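Fold and contact review
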Amino acid sequence: MGVLAVIAGVLVGCSGSASGELDPVVGEWTADGTQPAGYDDFGDAASIRVGEDGKATLGTAPMRLCGAAAVTRRKDSGGGGKRFRIAFPQGSQCISVTVPSSLDVTVDGDALTATPTGSVGSPYRFRRSG
């Protein structure tokens, strides 16, 4: 009985820490102002929704959304844990929605900046909305 309690405690601790490292980015984000050109469904009316399960949905609500992107904390995030990557798996089924396949994201309070991975252009800017 004691061994089962220890195993259950370890499992609860592990799952809690995994979601905790994503806390800064979890929630709903909406585009803040004019956004850079380049992705038809990721412009001035774009949104990002990040769940506690580490999955994200990107696009323009309500009809031009693409889900199932994985959210991970970047290794170069440091102790603050506020740098993330949002990336769709290879062969994603979002054929009719034009959004970046991978974003490097930085969260600063209620502000989020996102740049397509590998890009040096202007970042997309978002505000927390939920």
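What counts as what
Residues numbered from 1 in each chain as written. Predicted model: local features only at pLDDT ≥ 70, side-chain atom pairs only at ≥ 80, totals over all residues. Heavy atoms only, no water. Helix = DSSP H or I, 4+ residues; strand = E, 2+ residues; numbered from the N terminus. Buried < 20%, exposed > 50% of the residue type's maximum accessible area, 1.4 Å probe, protein only. Contact = heavy atoms within 4.5 Å. Areas by Shrake-Rupley, 256 points an atom, 1.4 Å probe, with all protein chains shown as cover. Core = buried A, V, L, I, M, F, W, Y, C linked by side-chain atoms within 4.5 Å. pLDDT = per-residue confidence, 0-100. Phe/Tyr/Trp six-rings, centres within 6.5 Å; stacked < 30°, edge-to-face > 60°.

1. Comments concerning the overall build of the chain
In terms of helices and strands, the chain carries one helix and eight strands. Tracing the chain from N to C terminus, the helices and strands come up as α-β-β-β-β-β-β-β-β. Looking at the chain as a whole, 33% of its 130 residues are labelled buried. Considering only contacts in the chain between residues 6 or more positions apart, those separated by 24 or more positions represent 41%. Here the chain displays about 7400 Å² of accessible surface, and carbon together with sulfur accounts for 57% of that area.

2. A look at the side chain of Arg 74
Structurally, Arg 74 can be placed in the loop between strand E4 (64–73) and strand E5 (83–87). The class for Arg 74 is buried, based on a relative accessible area of 16%. Excluding residues within four positions of it along the chain, Arg 74 makes contact with Arg 83, Phe 84, Arg 85 and Asp 104.

3. Describing unusual backbone geometry
At the junction of Ala 61 and Pro 62, the peptide bond is cis and its omega measures out at 5 degrees in the coordinates. With respect to the helices, strands and loops of the structure, Pro 62 is situated in the loop between strand E3 (55–60) and E4. Positive phi is not limited to glycine here, since Ala 68 has a value of about 75 degrees. Inspection of the secondary structure puts Ala 68 in strand E4.

4. Re the nonpolar core
Ranked by size, the top nonpolar core spans 26 residues in total, and within it Val 25, Phe 42, Ile 48, Ile 86, Val 105, Leu 112 and Phe 126 carry the most contacts. At the level of elements, strand E1 (27–31), strand E2 (47–50), E3, E4, E5, strand E6 (102–108), strand E7 (111–116) and strand E8 (124–128) are the ones that each hand at least two residues to this core. The residues contacting Phe 42, other than those within four sequence positions of it, are Ser 47, Ile 48, Leu 58, Gly 59, Thr 60, Thr 98, Val 99, Pro 100, Leu 103, Tyr 124 and Phe 126.

5. A closer look at the confidence of the model for the chain
Averaged over the chain, the pLDDT score is 82; the fraction of residues at 70 or greater is 81%. Counted against residues more than four places away or in other chains, residues 1–17, with its pLDDT under 50, gives zero contacts.

6. Focus on the packing of aromatic side chains
The relation between two aromatic rings is expressed through the spacing of the ring centres and the mutual angle of the planes. On inspection of all chains with the given rule, the structure shows two aromatic pairs. Aromatic pair Phe 42 and Phe 126: ring centres 5.5 Å apart, planes at 45 degrees, arrangement tilted. Placement of the pair is Phe 42 in the loop between E1 and E2 and Phe 126 in strand E8, with a sequence separation of 84 residues. Among the aromatic residues, ring-to-ring pairing joins Phe 42, Tyr 124 and Phe 126 into one connected group.

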